[in-house]
There are 2 protein chains.
Amino acid sequence: MTPTASSEQPHVVIVGAGFAGLNAAFAFEDQPVRVTLIDQWNHHLFQPLLYQVATAMLSPADIASPIRSIVRKQRNVTVLMSEVKGVDVHNRLVKMDGHELHYDYLILATGTQTSYFGHGEWEPLAPGLKSMADALEIRRRVFRAFEAAEMEDDPQKRSALLNFVVVGGGPTGVEMAGALAEIARFTLKRDFRHFDPTATDVYLIDAMPRLLTAFPEKLAQTAQKDLEILGVHVVLDTMVSAIEDGVVVLPDRRLEAGTIVWAAGVTARPLVTGDDIEIVGQSRIVVDRCLNIPAHPEIYVAGDLGATPGKDGKPLPGLAPVAIQEGTTAAENILRRIQGEAQVPFQYRDRGSMATIGRNRAVGVIGPLRLHGLIAWIAWAIIHVFMLIGFRNRMVVMVQWIWAYATRQRSARLIIGGNTDR
Amino acid sequence: MTPTASSEQPHVVIVGAGFAGLNAAFAFEDQPVRVTLIDQWNHHLFQPLLYQVATAMLSPADIASPIRSIVRKQRNVTVLMSEVKGVDVHNRLVKMDGHELHYDYLILATGTQTSYFGHGEWEPLAPGLKSMADALEIRRRVFRAFEAAEMEDDPQKRSALLNFVVVGGGPTGVEMAGALAEIARFTLKRDFRHFDPTATDVYLIDAMPRLLTAFPEKLAQTAQKDLEILGVHVVLDTMVSAIEDGVVVLPDRRLEAGTIVWAAGVTARPLVTGDDIEIVGQSRIVVDRCLNIPAHPEIYVAGDLGATPGKDGKPLPGLAPVAIQEGTTAAENILRRIQGEAQVPFQYRDRGSMATIGRNRAVGVIGPLRLHGLIAWIAWAIIHVFMLIGFRNRMVVMVQWIWAYATRQRSARLIIGGNTDR
């Protein structure tokens, strides 16, 4: 794995090709560094639309691009598909299966994964929504539940199959619950002969007294009302006590569910450890304002993995815009150091956040604006289409959305894979 | 699973929703029968384009539609997703896991699956290309081989990873080999830093002295020449002695291969057995000219599963047009019998056949025409787009093809699933 560019140039290793890692790589274009970009998958994932794959609106390829084709023209970037197992911070080595790679500078951008708060045994029963494999597993379970209901003679068992429970009332949970309700009420309305899909029950459960805690209270109320209009049962102030096979245990009742989706929490997996490395909530790595680890200034952390202090001193939230901006700043600071210049502290330019609930319904904060309803939904669609990487993806996603809008159909309702399992 | 239409009407069960089964269901529209259409998957697969999913040109959803959405408006059709385990011909029962279903008339249309000629142990080493799961597995192996080559330091091991072997020189094998050569020579040309993808070797092996035995000899020669221009090594008159992990054993040598695709044979799985049921080559069920089993005239066989005598007395080939026409005729004959009319014998209208080799290259027989080169390729593209079910699929497939034609890129280069396995 000899790097192709001049080996006298400093070697920067970027771990993770999400929003942070990819934007770091972009910032090194035509710069005097050798870059190795490592990811466990071969594709960059446009995570904000992942729930649309899980709910059969889009195909996997619509929101994923091969990493090496994205950076094809940057001849100083080598892409490796490999899982990084750990980092030897003293010898500056990134460790993979059977390989290790020396770095001069390291950017860690591995993001977060689903957290079950110490209950890893819930994972197979209630998949999260972080990777493409997760999205396809949820899609499979959702549509298999409807198929199983058509085969089921026992009305009680059938009704259990048609209960969908989403745990976690953040943007992912809200978007999943809204999409599931739309599938039952519109997409599948006339597709079954032995039951009425509109009788499906979708539950959205959160431990907090309100949904979307990162949004202004009023918008969260609008989102809740919109979900309830779609028929979603919003259950607040309610902590899940346990997940069993096909059952969500709440303090006051047992909720049977054919499909359970876990969107209640995330945790990072810090690849570096040591007494001099501070790990805070969600296992995020504490960095200074220039995005490097204080004790190891050659190691930068960008995106969800890092706990970067914001204006108020609290860590910035795990959002795509934060990751994009941090990736760029981390790379620029490395270039500044190579050129003997002073680093600049990271400054987050907050452009807002959005969540979509269903056709014609979304909520959003864009700068000073508070949007909801149709206008928020249109803004959401435009912003997300333009953030997608690649001309073709954009065009195909637009075609699919327009088609879905006109027909209320979903194009990717495929069940692929094991036939006998749930 | 009570049928919804009047239960005094005859009950027709169709097993398999491929070209034959689906077209049989279409023929029952607004007719006085209750129809149950059973398939092990929830989607109808447009099999002629399956190799394009295996080679990352199209997404699964582009060539697959949910069966129940296709027949949504036929209120007398119930769709069940279930695997049929067998048929009790005496009691007229279709047997599924935990369910059985009585029929008055039965149409068997389960098609064929990959045959390893008694060497089932080769299957995990050399997947076939019959289901969507197969196509995704091949796609995964192809792109993982290139990724593994980028990680590999040993030149000999790397070169083995970059050997692709396709066994079987029928249309599927020819199309796979052509597409693999194009991926290496064009799609991935600039994507790697440690090797040159154009140095990839693609082998197409067949036991016969020529490719495409169902085509006129001259067209087969053109196809071979076209493949060789793309850099495919065509190895004829050569029987594969064995498949081992990463090795295709030929009589005179051992061919190392990072990816092996098996397109050498198919076999049916007759769901009915008995002394009075004749099974011929490839386990196909012998039917009379009206498409029913002579000893069980209430059972019809349509598509690849049936051995229907053609004009020359030999069984008709396993082609999509045969299946489409047989499905329709089987259903029409059932309706004729219900109405007390005489059945009509099946007459195959041969509209020709085609195989595509790569960009601008195809061969085809359409009626009296023998086509090759660009014109055959354009005809192939038009025919296949128009045969696709659903307005949206057509539009999305056209967008993808035009984009791919303009850029030589492939949109669905995703590796999803197990990370550590081959």
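Conventions and cut-offs
- Numbering of residues starts from 1 in each chain and follows the order in which that chain's sequence is written.
- Labels are handed out in written order, letters beginning with A for the chains and numbers beginning with 1 for the ligands.
- Local features in this predicted model are restricted to residues of pLDDT 70 or higher, and side-chain atom pairs are both shown and tallied only at a pLDDT of 80 or more, whereas totals for entire chains, interfaces and linings draw on every residue.
- Side-chain metrics rest on all non-hydrogen atoms present in the structure, leaving aside hydrogens and water.
- Numbered from the N terminus, helices here are DSSP runs of H or I no shorter than four residues, and strands are runs of E no shorter than two.
- Fitting of the copies onto one another was done by least squares over C-alpha atoms, counting residues only where both copies have pLDDT of at least 70.
- The contact definition used throughout considers only heavy atoms, calling two residues in contact when any of these lie within 4.5 Å.
- Strands were regarded as paired on the criterion that DSSP finds at least two bridges between them.
- A simple way to read buried area is as the amount of 1.4 Å-probe accessible surface that goes missing from two parts once joined, with both sides added.
- Salt bridge criterion: a side-chain nitrogen from Lys or Arg within 4 Å of a carboxyl oxygen from Asp or Glu.
- In protein, a polar contact requires one atom able to donate a hydrogen and another able to accept it; more generally it is a pair of N or O atoms within 3.5 Å, and residues adjacent in sequence count only if both atoms are side-chain atoms.
- Here the term charged refers only to Asp, Glu, Lys and Arg, the term nonpolar to Ala, Val, Leu, Ile, Met, Phe, Trp, Tyr, Cys and Pro, and the term polar to all other amino acids, Gly among them.
- Simply put, an axis is a line fit to the C-alpha atoms, just over the touching stretch for a helix, and the angle between two N-to-C directions goes from 0 to 180 degrees.
- Between the rings of Phe, Tyr and Trp (Trp by its six-membered ring), a pair exists once the centres lie within 6.5 Å; its type follows the angle of the planes, with under 30 degrees stacked, over 60 edge-to-face, and the other angles tilted.
- Candidate patch residues must exceed 30% relative accessible area and have no salt bridge, after which like charges are joined if within 9 Å and Val, Leu, Ile, Met, Phe, Trp or Tyr side chains if within 5 Å.
- Shrake-Rupley sampling with a 1.4 Å probe provides the accessible areas, and residues are treated as covered by the protein chains on show and by no other component.
- Each residue gets one of three labels from its accessible area relative to the maximum for its type: buried under 20%, exposed over 50%, partly exposed in between, using a 1.4 Å probe on protein chains only.
- Under the convention used throughout, the expected extent of a helix is 1.5 Å for every residue step, that is, one less than its residue count.
- Known as pLDDT, the predictor's confidence for each residue is given on a scale from 0 to 100.

A.B. asks: Explain the environment of Gly265(B) to me, please; I cannot follow it from the model alone.
C.D. replies: By the secondary structure assignment, Gly265(B) is in the loop between strand 17 (259-262) and strand 18 (266-268). Gly265(B) sits 150 residues away from Ser115(B) along the chain, and the two C-alpha atoms are 5.1 Å apart.

A.B. asks: Help me understand the relation of the copies chain B and chain A in this model?
C.D. replies: Turning one copy of the chain about an axis and sliding it along that axis gives the other copy, so a rotation and a shift relate them. Mapping chain B onto chain A calls for a screw motion: a turn of 180° about the axis and a shift of 0.0 Å along it, with 0.0 Å RMSD after fitting. The superposition of one copy onto the other is thereby described by a two-fold rotation axis. A shared binding surface is used by both copies, with 98% of the interface residues of chain B retained as interface residues in chain A.

A.B. asks: I keep staring at the sheet that holds strand 19 (residues 279-280) of chain B and nothing clicks. Help me out?
C.D. replies: Residues and elements named next belong to chain B. Reading across the sheet, the three strands line up as 19-20-23 and stay open at both edges, with mixed pairing between neighbours. Among the strands making up the open sheet, the edge pair consists of strand 19 and strand 23 (306-307). Here two bridges tie strand 19 to strand 20 (residues 284-286), and the two strands are oriented antiparallel to one another. Of the residues in strand 20, the one forming a bridge with Val 280 is Arg 284.

A.B. asks: I keep staring at the interface of chain B and chain A and nothing clicks. Help me out?
C.D. replies: Put simply, an interface is often sized by how much accessible area is lost when its parts join up. Opposite the 59 residues of chain B that make contact, chain A presents 58 residues. Broken down residue by residue, the surface that chain B buries against chain A is led by Arg68(B), Met151(B) and Arg193(B), which jointly contribute 15%. Linking chain B with chain A are six salt bridges. For the salt bridge of Arg68(A) with Glu147(B), the shortest nitrogen-to-oxygen distance reads 2.7 Å. Taken together, chain B and chain A are joined by 24 residue pairs in polar contact (both at pLDDT 80 or more). For the side of chain B that touches chain A, the elements supplying multiple residues, two or more each, are strand 4 (64-66), helix 3 (67-70), strand 5 (77-81), helix 4 (132-151) and helix 10 (391-407) of chain B. The residue makeup of the side of chain B that touches chain A, split by class, is 27 nonpolar, 18 polar and 14 charged.

A.B. asks: Just to check I follow, could you spell out the sheet that holds strand 15 (residues 247-249) of chain B for this structure?
C.D. replies: The strands making up a sheet associate through backbone hydrogen bonding, with each pair oriented either parallel or antiparallel. All names here are of chain B. Pairing in this open sheet of three strands is antiparallel, and the strands run 14-15-16 from one edge to the other. At either end of the open sheet lies a strand with only one pairing partner, and these are strand 14 (242-244) and strand 16 (254-256). Pairwise comparison of adjacent strand axes, ignoring direction, gives a mean angle of 20° for this sheet. With three bridges connecting them, strand 15 and strand 16 associate as antiparallel partners. Each bridged residue has a counterpart across the sheet, and for Val 248 the counterpart in strand 16 is Leu 255.

A.B. asks: Help me understand the packing of aromatic side chains in this model?
C.D. replies: Per the counting criterion, the structure on display carries 18 aromatic pairs over all chains. An aromatic cluster is built from Tyr116(A), Phe117(A), Trp122(A) and Trp262(A), whose rings are joined through pairwise contacts.

A.B. asks: What exactly am I supposed to notice about a nonpolar patch on the surface here?
C.D. replies: A grouping of Leu374(A), Ile378(A), Ile382(A) and Phe386(A) is seen on the molecular surface, where their side chains present a nonpolar patch of about 390 Å² in accessible area. Within the secondary structure, Ile378(A) is located in helix 9 (residues 373-387).

A.B. asks: Got a minute to help me understand the pattern of salt bridges in this structure?
C.D. replies: Charged atoms that come close allow side chains of opposite charge to pair. For the structure on display, the rule yields 24 salt bridges over all chains. Measuring nitrogen to oxygen at the nearest pair gives 2.9 Å for the salt bridge that ties Glu244(A) to Arg254(A). With a gap of ten residues between them, Glu244(A) in strand 14 (residues 242-244) and Arg254(A) in strand 16 (residues 254-256) connect regions that are remote in the sequence. Classification of Glu244(A) by relative accessible area gives partly exposed; the value is 33%. Residues Arg361(B) and Asp226(B) are paired through a salt bridge, measuring 3.7 Å at the closest nitrogen-oxygen approach. Linking Arg361(B) in strand 25 (residues 361-366) with Asp226(B) in helix 7 (residues 217-229), this pair joins segments that are 135 residues apart in sequence. Look at Arg361(B) and you get partly exposed, because its relative accessible area is 22%. When its relative accessible area of 9% is taken as the criterion, Asp226(B) is described as buried.

A.B. asks: Is there a simple way to think about helix 8 (residues 320-338) of chain B in this case?
C.D. replies: With 19 residues, helix 8 of chain B should cover 27 Å at 1.5 Å per step; its first-to-last C-alpha distance of 27 Å lies within 8% of that length. Of the residues flanking the end of helix 8 of chain B, it is Gly340(B), one or two places downstream, whose phi is positive at about 75°.

A.B. asks: Just checking my understanding: could you explain the pairing of strand 7 (residues 93-96) of chain B for this structure?
C.D. replies: Along any regular strand, the residues point their side chains to alternate faces of the sheet. All names here are of chain B. In this structure, strand 6 (residues 84-88) lies alongside strand 7, joined through four bridges in antiparallel fashion. The residue of strand 7 that forms the bridge with Gly 86 is Lys 95. In this structure, the hairpin formed by strand 6 and strand 7 is closed by a connection of four residues, where Arg 92 is found at a positive phi of approximately 55°. Taken together, the four bridges between strand 7 and strand 8 (residues 99-102) define a ladder with antiparallel strand orientation. Residue Leu 93 lies in a different strand from strand 8, and its bridge partner there is His 102. Here strand 7 hands over to strand 8 after two residues, with Gly 98 in that stretch at a positive phi of 75°.

A.B. asks: Would you mind showing me how to read the confidence of the model for chain A here?
C.D. replies: The predicted structure's coordinates, where accompanied by low pLDDT, should not be read in detail. All names here are of chain A. Taken as a whole, chain A shows an average pLDDT of 93; of its residues, 97% reach a score of 70 or greater. Throughout residues 1-5 the model reports pLDDT below 50, and contacts reaching past four residues in sequence, or to other chains, amount to 13 contacts. Listed scores for the predicted complex are pTM 0.93 and ipTM 0.91.

A.B. asks: Honestly, the environment of Ala207(A) in this entry has me stumped. Any pointers?
C.D. replies: Residues and elements named next belong to chain A. Structurally, Ala 207 is set in the loop between strand 12 (201-205) and helix 7 (217-229). Here the alpha-carbon distance between Ala 207 and Phe 146, two residues 61 residues apart in the chain, equals 28 Å. Those residues within four positions of Ala 207 in sequence are excluded, and the remaining contacts are Asp 237, Thr 238 and Met 239.

A.B. asks: Explanation requested: unusual backbone geometry in the structure shown.
C.D. replies: Negative phi characterises most residues that are not glycine, and trans characterises most peptide bonds. Backbone geometry places Leu212(A), a non-glycine residue, at a positive phi of 45°. Checked against the element boundaries, Leu212(A) lands in the loop between strand 12 and helix 7. The backbone of Arg92(B) sits at a positive phi, close to 55°, despite the residue not being glycine. The topology assignment puts Arg92(B) in the loop between strand 6 and strand 7.

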